[in-house]
Amino acid sequence: MAGEAPELSAQERAGKAFPVSWDQFHRDCRALTWRLNEVGPFHAVIAITRGGLVPAAIVARELGVRIIDTVCIASYDHDKQGELQVLKGMSEAAIKLGGGTGKGLLIVDDLVDTGKTGRLVRDMLPDAHFATVYAKPKGRPLVDTFITEVSQDTWIFFPWDTALSYHPPLRDGAA
Ligand SMILES: O=P(O)(O)OC[C@H]1O[C@H](OP(=O)(O)OP(=O)(O)O)[C@H](O)[C@@H]1O
Ligand code: HPA
Ligand SMILES: [Mg+2]
């Protein structure tokens, strides 16, 4: 309709920005592994793609886990949340390792925001341990282990989604 305000993306609604460098992300993943090391051992790591791939690689390396599987889920198109789509489920081999309920499996994602993605995977593997690097308050109750909580109105910028670029001085109105 003419004159109707355009729908805001999740990122625009978020307002605050929390940019994460590769270095910071690596350190946060290693901090996450320190905590997970107290909980394991785990038979396998299940990465929720795509965001869970990088933390899963780092965590699996630190924990000495060699079996890594994926569950491929899409919900955000860049920063617009849509319907959850399971593009690929877990392998039969991984499900078997977790005895059908996920016992001894470690699910890894980069973050929980509303918790919708986490809820879906938790329902698939109720006995698995669910770890994320970052958590927002709405999704936090779903996560067993995480490192940093950010407010719900913060948008996290991951290093694989960003690049170094010119930033105008604060004096000229930069946020
Ligand atoms: O708690 P939620 O509100 O469900 O949001 C969290 C999910 O959203 C992002 O994935 P996205 O759907 O953007 O796909 P991607 O991992 O391929 O980037 C992120 O990697 C989490 O998986
Ligand atoms: O804060 C976020 N940053 C990046 N991707 C996301 N997907 C859901 N929330 C976020
Ligand atoms: Mg994701």
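Residues numbered from 1 in each chain as written. Chains lettered and ligands numbered in written order. Predicted model: local features only at pLDDT ≥ 70, side-chain atom pairs only at ≥ 80, totals over all residues. Heavy atoms only, no water.

## Here we look at helix H3 (residues 53–63)
Thought 1: When H3 is considered as a whole, its buried residues turn out to be Pro55, Ala56, Ile58, Val59 and Ala60.
Thought 2: Close packing links the buried residues of H3 with helix H2 (22–37), strand S2 (44–49), strand S3 (68–77), strand S5 (105–112) and strand S6 (129–135).
Thought 3: Looking one or two residues beyond H3, the residue adopting positive phi is Gly64, at roughly 75°. (Buried < 20%, exposed > 50% of the residue type's maximum accessible area, 1.4 Å probe, protein only. Helix = DSSP H or I, 4+ residues; strand = E, 2+ residues; numbered from the N terminus. Contact = heavy atoms within 4.5 Å.)

## Quick notes on the site of ligand 2
Thought 1: Around ligand 2, the neighbouring residues are Tyr76, Leu111, Asp113, Lys136, Trp155, Ile156 and Phe158.
Thought 2: One of the side-chain N or O atoms of Lys136 is found 2.8 Å from an oxygen atom in ligand 2.
Thought 3: Protein contact buries 87% of the 260 Å² of open area that ligand 2 shows by itself.
Thought 4: Of the residues assigned to the shell around ligand 2, the class counts are five nonpolar, no polar and two charged. (Near = heavy atom within 4 Å. Polar contact = N/O pair within 3.5 Å; in protein donor to acceptor, adjacent residues only side chain to side chain. Areas by Shrake-Rupley, 256 points an atom, 1.4 Å probe, with all protein chains shown as cover. Nonpolar A, V, L, I, M, F, W, Y, C, P; charged D, E, K, R; others polar.)

## Considering the side chain of Thr132
Thought 1: Within the secondary structure, Thr132 sits in strand S6.
Thought 2: Among the polar contacts listed, one links the side chain of Thr132 to the backbone oxygen of Tyr134, at a separation of 3.0 Å.
Thought 3: Sequence-distant contacts of Thr132, defined by excluding residues within four places in its chain, comprise Leu32, Asp109, Asp110, Leu111, Val112, Val143, Thr145, Phe146 and Ile147.

By themselves, these observations are geometric and do not establish any function.
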